[in-house]
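# Topology and contacts: notes
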Amino acid sequence: MTALPLVIRPEHPDDAPAIERLHARAFGPGRFARTAYRLREGAAPLPDLCLTALVGTYLVGSVRIGPAEAEGGSLLVLGPLTVDPSFSDRGIGTSLMQASLDAARAAGHGLVVLVGDAPYYRRFGFQPVPTGRLALPGPVDPARFLWLELTEGASAGLSGVIRPPRGAHGTSQHGPA
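The following paragraphs examine the structure supplied in this document. (Residues numbered from 1 in each chain as written. Predicted model: local features only at pLDDT ≥ 70, side-chain atom pairs only at ≥ 80, totals over all residues. Heavy atoms only, no water.)

Bringing the environment of G79 into the picture now. Residue position: G79 is located in strand β4 (residues 73–83). C-alpha of G79 to C-alpha of G116: the two residues are 37 residues apart in sequence and 8.9 Å apart in space. (Helix = DSSP H or I, 4+ residues; strand = E, 2+ residues; numbered from the N terminus.)

Here is the structure:
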């Protein structure tokens, strides 16, 4: 297989329409009712941690990370991670994940949570959130509720329902969260 000329770069404000089309293709209209989406809509993504993947000028992938909090402190919510279905299985999602986690570590963040496929995210170090430690503001399969400590001990003292940070707003340069 020929290697793709892949470029990972920060998300630009003018990427929003292409990212929305990508989300629609990958997740369909049901995405708006999912618990992970409901959590993200309460806070704008963090521009420094939102990345896109391009092949030439074609946007083929996106990852967004936003802020959240629980009792005891703050954390990050990763998602959605999206790759154009016609470009799947080419390492684009892996490249986006690694770059976003590296950026979050470099920025000094301690804990990332997500809702996703455990076998896929395990390769990045994600593990199921221990029962009773944290909860999402809606139903979720506990096997898909995952976390990763970017800093050792970052999960200590965190408990309760994850929510948008106090004072957060639902829009940013990226459009609705």
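Here the narrative resumes.
Another aspect to go through is the pattern of salt bridges. Tallied over the full model, the rule gives six salt bridges. Its salt-bridge partner being E69, residue R163 comes within 3.3 Å of it at the nearest N-O pair. Here R163 is found in strand β9 (residues 159–163), whereas its partner E69 is found in strand β3 (residues 58–71), with 94 residues between them in sequence. A relative accessible area of 13% means that E69 is categorised as buried. Across the pair R105 and D102 runs a salt bridge, and its minimum N-O distance is 3.7 Å. Of this pair, R105 and D102 both sit in helix α3 (residues 92–106), separated by three residues, roughly a single helical turn. (Salt bridge = Lys/Arg side-chain N within 4 Å of Asp/Glu carboxyl O. Buried < 20%, exposed > 50% of the residue type's maximum accessible area, 1.4 Å probe, protein only.)

Over its 15 residues, α3 runs 21 Å from end to end, which matches the ideal 21 Å to within 8%, given 1.5 Å per residue. Every buried residue of α3 is listed here: I92, G93, L96, M97, S100, L101 and A104. Along the axis of α3, the buried positions cluster into a sector of 155 degrees, meaning they face one direction only. Two residues or fewer past α3, G108 is found with a positive phi of approximately 90 degrees. (Expected span 1.5 Å × (residues − 1). Arc of directions from axis to C-beta.)

Turning next to helix α1 (residues 16–27). The first and last C-alpha atoms of α1 sit 16 Å apart over 12 residues, in line with the 16 Å expected at 1.5 Å per residue. Buried residues of α1: I19, L22 and H23, and no others. Along the axis of α1, the buried residues cluster in a sector spanning 100 degrees; they form a single face. Considering only its buried residues, α1 is in contact with β2 (51–55), β3 and β4. (Contact = heavy atoms within 4.5 Å.)

A separate point is the side chain of D15. Mapped onto the fold, D15 is located in the loop between β1 (6–10) and α1. For D15, a relative accessible area of 7% corresponds to the buried category. Once you skip the residues sitting within four places of it in the chain, D15 turns out to touch R9, P10, T52 and L59.

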